[in-house]
Amino acid sequence: MSTPDDPTPSFQIDIDPSLFDEAVAAVDARTRRPSPAPSAGAEGGPPPSATPPPDPVAGDLDVEIDAPAAAAPAPRIPAMNEDVLRARLRLEEAQAAQRRAEAELGRSRARIAELEAQSEAARTELATLREDFERARGRAKRETEDAERRGEERVLKALLDLSDNLERARMHEDADAESLATGLRMIAEQLRRHVERLGLSRVPAARGTTFDPQVHDAVAQVAAADVPAGALVDEVQAGYLHRGRLLRAARVTVAAG
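What you see as residue numbers is a count from 1 along each chain, following the sequence as written. Whole-chain, interface and lining totals are the exception, using all residues; otherwise, since this is a predicted model, local features are given only for residues with pLDDT of at least 70 and side-chain atom pairs are given and counted only at 80 or more. Each side-chain value is worked out from all heavy atoms of the structure, with water and hydrogens disregarded.

A short note on the sheet that holds strand S3 (residues 232-237)
Move 1: Two strands qualify as a pair provided DSSP detects at least 2 bridges between them. Put simply, DSSP marks the helices as runs of H or I at least four residues long and the strands as runs of E at least two long, and each gets a number from the N terminus on. Here we have three strands laid out as an open sheet, ordered S2-S6-S3, and mixed in their pairing. Unpaired on one side and paired on the other, strand S2 (216-222) and S3 mark the two borders of the sheet. Neighbour-to-neighbour, the strand axes of the sheet open up by a mean angle of 30°, direction not taken into account. Axes here mean lines fitted to C-alpha atoms, for a helix over just the part in contact, with angles spanning 0 to 180 degrees between N-to-C directions.

Shown next as structure tokens:
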């Protein structure tokens, strides 16, 4: 508290006088404590087993000092170090697993890229083959059509020659029978030559030829003394082979047994 003569500020605290009395009494009692005997056999001294009375102040001080030490937790530094080591090991394992997974992912991506490239090459090759096939099929179709057209043209040319000859024979229909017969035989011979050039041949069906069901078609059985049973007697309709393949069977009569 400051005064007019001394401007320096001061503070005042009110303390209970009984506290001072108790403190003085405790100090006085500590100073009056009897000192321990110098030896166990001294006269008038306390017995060897006697212990000095407890000091209330020292006891209070011991309690206040020992209590925090007893309550202090035991050091956990080694346990914490083990936990840190285990956590670090798990972290390193996780990092190693992550690196392996990333490497495997990289290999998988490379394999996927390789397969996609192969698939693209296969699609390109397939498209090329499809285009080649379409071109080949179109070319084969055109060639077949051209061959058929050329074959038809050859037949038509042969028929035109025969038609011209028949037209000439019709113009001379008033001629004698011998001339007409000669003209018809010439036309028939011309027709035979044309069909032979086209690969057409006649099925053998002469009288007495053995009957062959592969190329002969029996229309009747007749009695014939000069022909063995089962042989051909007469040809009703000629049959033809085209380049060795049956085009039309010959219709014949067969001798009865």
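Here we look at unusual backbone geometry
Move 1: Here Arg243, not a glycine, exhibits a phi torsion of approximately 55°, which is positive.
Move 2: Mapped onto the secondary structure, Arg243 falls in the loop between strand S4 (240-242) and strand S5 (245-248).
Move 3: Accessibility here uses a 1.4 Å probe with only protein chains present; expressed as a share of the type maximum, an area under 20% marks a residue as buried, one over 50% as exposed, and anything in between as partly exposed. Looking at Arg243, the relative accessible area reads 59%, which means it is exposed.

With respect to the sheet that holds S5
Move 1: As summarised here, the arrangement of the three strands in space is S1-S4-S5, forming an open sheet in which the pairing is antiparallel. Each of the sheet's edge strands pairs with one partner strand only, and the pair in question is strand S1 (200-202) and S5. If you compare each strand with its neighbour and ignore which way they point, the axes differ by 40° on average.
Move 2: In this sheet, S5 lies alongside S4 in antiparallel orientation, the contact comprising three bridges.

Brief notes about the side chain of Thr253
Move 1: Along the polypeptide, Thr253 turns up in strand S6 (residues 250-255).
Move 2: For Thr253, a relative accessible area of 12% puts it in the buried group.
Move 3: With residues up to four places along the chain from it excluded, the contact list for Thr253 reads Val219, Ala220, Val222, Ala231, Leu232, Val233, Asp234 and Val236. Contacts are assigned to residue pairs that have any heavy atoms within 4.5 Å of one another.

As for a nonpolar patch on the surface
Move 1: Taken together, the side chains of Val155, Leu156 and Leu159 present a nonpolar region at the surface, about 250 Å² in accessible area.
Move 2: Topologically, Leu159 is positioned in helix H3 (residues 77-171). Note that patches include only residues with greater than 30% relative accessible area and no salt bridge, and the join distances are 9 Å for like charges and 5 Å for nonpolar side chains (Val, Leu, Ile, Met, Phe, Trp, Tyr). Per-residue and other accessible areas follow the Shrake-Rupley method at a 1.4 Å probe size, with only the shown protein chains counted as cover for residues. The rule for a salt bridge is simple: a side-chain nitrogen of Lys or Arg has to be within 4 Å of a carboxyl oxygen of Asp or Glu.

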